[in-house]
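As a plain string of letters, each chain reads:
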Amino acid sequence: MAAKPTRPSELGGLADPAEFTAPIAIDGVEPETLRGYLRSMLKIRIVEEVVGELVERGLARAPCHLGIGQEAVAVGVSAQLEATDRVFGGHRSHAHYLALGGDVYRLLAEILGKEDGTSKGMGGSMHLLGREVGFHGSVPLVGATIPIAVGAGLACKMDGRGAIAVSYFGDGAAEEGVFHESMNLAAVLQLPVLFVCENNLYSSHLDIGVRQPSDRVARYGEAHRISSVTVDGNDVVAVESAASELIGAARRGDGPALLEAVTYRHRGHVGPREDVDVGIRRSQSEIQAWKGRDPIARVANAMQGHELLDEPALHAIEANLREEIAAACQRAEAASYPADSALLDRVFAETSA
Ligand SMILES: Cc1ncc(C[n+]2csc(CCOP(=O)(O)OP(=O)(O)O)c2C)c(N)n1
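Just so it is clear, the structure is predicted and the values come from calculations on it, not from any experiment.

1. Structural notes on the layout of surface pockets
Step number 1: There is about 460 Å³ of room inside the largest pocket.
Step number 2: In terms of residue count, the dominant contributor to the lining of the largest pocket is strand β2 (residues 135–138) (3 residues).
Step number 3: Its residues assigned to classes, the lining of the largest pocket comprises 8 nonpolar, 9 polar and 6 charged.
Step number 4: When its volume is computed, the second largest pocket comes out at roughly 400 Å³.
Step number 5: H91, V142, F169, G170 and A173 are the residues nearest the centre of the second largest pocket, which is lined by 30 residues in total.
Step number 6: Going through the elements one at a time, β3 (165–170) and β5 (202–203) are the ones with two or more residues in the lining of the second largest pocket.
Step number 7: Counting residues per element, the lining of the second largest pocket draws most heavily on β3, which supplies 3 residues.
Step number 8: Considering only residue class, the lining of the second largest pocket consists of 10 nonpolar, 14 polar and 6 charged.

So, in structure tokens, the structure goes:
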């Protein structure tokens, strides 16, 4: 087994789980906005815990990549998006769909392969779709939706209505050639595309330090002459404020931008386990240290510090969500599978001439 890399971090404290653990700065943010962030992040967390249980119970048979710990990125970015924007994800996209207002029942039904799922049960966890909320699709091929988002950005520009395209991807996808071609084209054509890299420091089981000469992905945006910002991806307010600036500029016609959000997933690459025993070991102590930078606890602690929330209120929000999500899950478990005869439907799309 290879050793952990010793190269110095160019992300500074953002890559050090012992730093940035204090409650986040919330001065000037409306209490209602903060409650919305907290509720949305908790919803995503609980849904993904439920997905993990469905895998353990043998009911979810599609591979499920959980992003527990990364909730602040999708919630912070989505706070600046409209349903007319066009958002694309990858293999770890439950949060991207839910943060836009995607339906919990339809997500769980999809993961269980049911007819009521977002892709009529044909795709599972990695093929989500929610055009009604602006989510135009996710696929598991790493990097595959990045150029599609650029095409959507071109459509947004030609439409001229101020909509933008968003492409979520991981630090591993930044090693794909298509990422660089996409950034190049978006920069040359000045397309309204926000590239959002969730740099969780791992690709499958490999630490970024052994895969890239620097752990800072924003440098690629700079190379393509794209406005690029690196933020604490476990601080929902910091993510939202960076997204606000970059998205505002893209809507005004200033071209593409890259937002690098440094974060960490508590679970392993795929499935509910923590992966402390594969590849370059993610040690139990590393995982515990990152849990100290939990995006949900940090916003809840900040709100408690400003007397905007107390323990009973927090428990009530959580209990309501658990009840709502458990009911959606029961309904999804009881829902019907698509008919066998539907297997080849939707393989080709009829287009109008
Ligand atoms: C083109 C391609 N190569 C390899 C894989 C196998 N694979 C699936 S996810 C993954 C890691 C991707 O890491 P990253 O982009 O950092 O996203 P993360 O899993 O950390 O969210 C790999 C290598 C794939 N699905 N597609």
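Still to come is the rest of the account.
2. Focus on the site of the ligand
Step number 1: Close to the ligand lie 15 residues; H91, R92, G172, N200 and Y202 are nearest.
Step number 2: In the model, a nitrogen atom of the ligand is placed 3.1 Å from a nitrogen or oxygen of the V142 main chain.
Step number 3: At 2.9 Å from an oxygen atom of the ligand is found a main-chain nitrogen or oxygen belonging to Y202.
Step number 4: Against a free-state accessible area of 580 Å², the protein chains account for coverage of 71% of the ligand.
Step number 5: Assessed atom by atom at 2 Å from the grid points, the ligand resides in the second largest pocket.

3. Concerning the packing of helix α5 (residues 146–159) against helix α6 (residues 177–188)
Step number 1: Interhelical geometry of α5 versus α6 gives an angle of 15° and a closest axis separation of 9 Å. Of the possible angle classes, the one that applies to α5 and α6 is roughly parallel. In the crossing of α5 with α6, the sense of the turn from one axis to the other is left-handed. Of the residues in α6, those touching α5 at I146, P147 and V150 are V178, F179, S182, L185 and A186.
Step number 2: Of the residues that constitute the contact of α5 with α6, the class distribution is 7 nonpolar, 1 polar and no charged.

4. Side note on the pattern of salt bridges
Step number 1: This structure, assessed with the given rule, holds 15 salt bridges.
Step number 2: Between R35 and E32 there is a salt bridge; the shortest N-O distance is 3.3 Å. Of the two residues, R35 and E32 both sit in helix α1 (residues 31–56), 3 residues apart, roughly one turn of that helix.
Step number 3: Given a relative accessible area of 56%, E32 falls into the exposed group.
Step number 4: For R39, the salt bridge identified is with E324, shortest N-O distance 3.3 Å. Here R39 is found in helix α1, whereas its partner E324 is found in helix α12 (residues 311–334), with 285 residues between them in sequence.
Step number 5: Within the structure, one salt-bridge network assembled from shared partners comprises R45, E71 and D294.

5. Section: empty space enclosed by the protein
Where empty space is left in the structure can be found by rolling a water-sized probe over the atoms.
Step number 1: One pass over the full model with this rule turns up 1 cavity of 30 Å³ or more.
Step number 2: By volume, the largest cavity is sized at about 80 Å³.
Step number 3: If you go around the largest cavity, you meet 13 residues; those closest to its centre are G67, Q70, R92, A95 and E198.
Step number 4: Those elements that place two or more of their residues in the lining of the largest cavity are α1, α2 (71–78) and α3 (94–99).
Step number 5: Looking at the lining of the largest cavity residue by residue, the classes come out as 3 nonpolar, 6 polar and 4 charged.

About the cut-offs
- Residues numbered from 1 in each chain as written.
- Predicted model: local features only at pLDDT ≥ 70, side-chain atom pairs only at ≥ 80, totals over all residues.
- Heavy atoms only, no water.
- 1 Å grid on protein atoms, 1.4 Å probe; cavity = no way out; pocket = protein on both sides within 12 Å on 5 of 7 lines; lining within 4 Å.
- Points joined across faces, edges and corners; volume = space filled by probe spheres on them.
- Helix = DSSP H or I, 4+ residues; strand = E, 2+ residues; numbered from the N terminus.
- Nonpolar A, V, L, I, M, F, W, Y, C, P; charged D, E, K, R; others polar.
- Near = heavy atom within 4 Å.
- Polar contact = N/O pair within 3.5 Å; in protein donor to acceptor, adjacent residues only side chain to side chain.
- Areas by Shrake-Rupley, 256 points an atom, 1.4 Å probe, with all protein chains shown as cover.
- Sits in = over half its atoms within 2 Å of the grid points.
- Axes fitted to C-alpha atoms, helices over the stretch in contact; angles between N-to-C directions.
- Parallel < 35°, antiparallel > 145°, perpendicular 65-115°, else oblique.
- Left-handed = near helix turned anticlockwise from the far one by under 90°.
- Contact = heavy atoms within 4.5 Å.
- Salt bridge = Lys/Arg side-chain N within 4 Å of Asp/Glu carboxyl O.
- Buried < 20%, exposed > 50% of the residue type's maximum accessible area, 1.4 Å probe, protein only.

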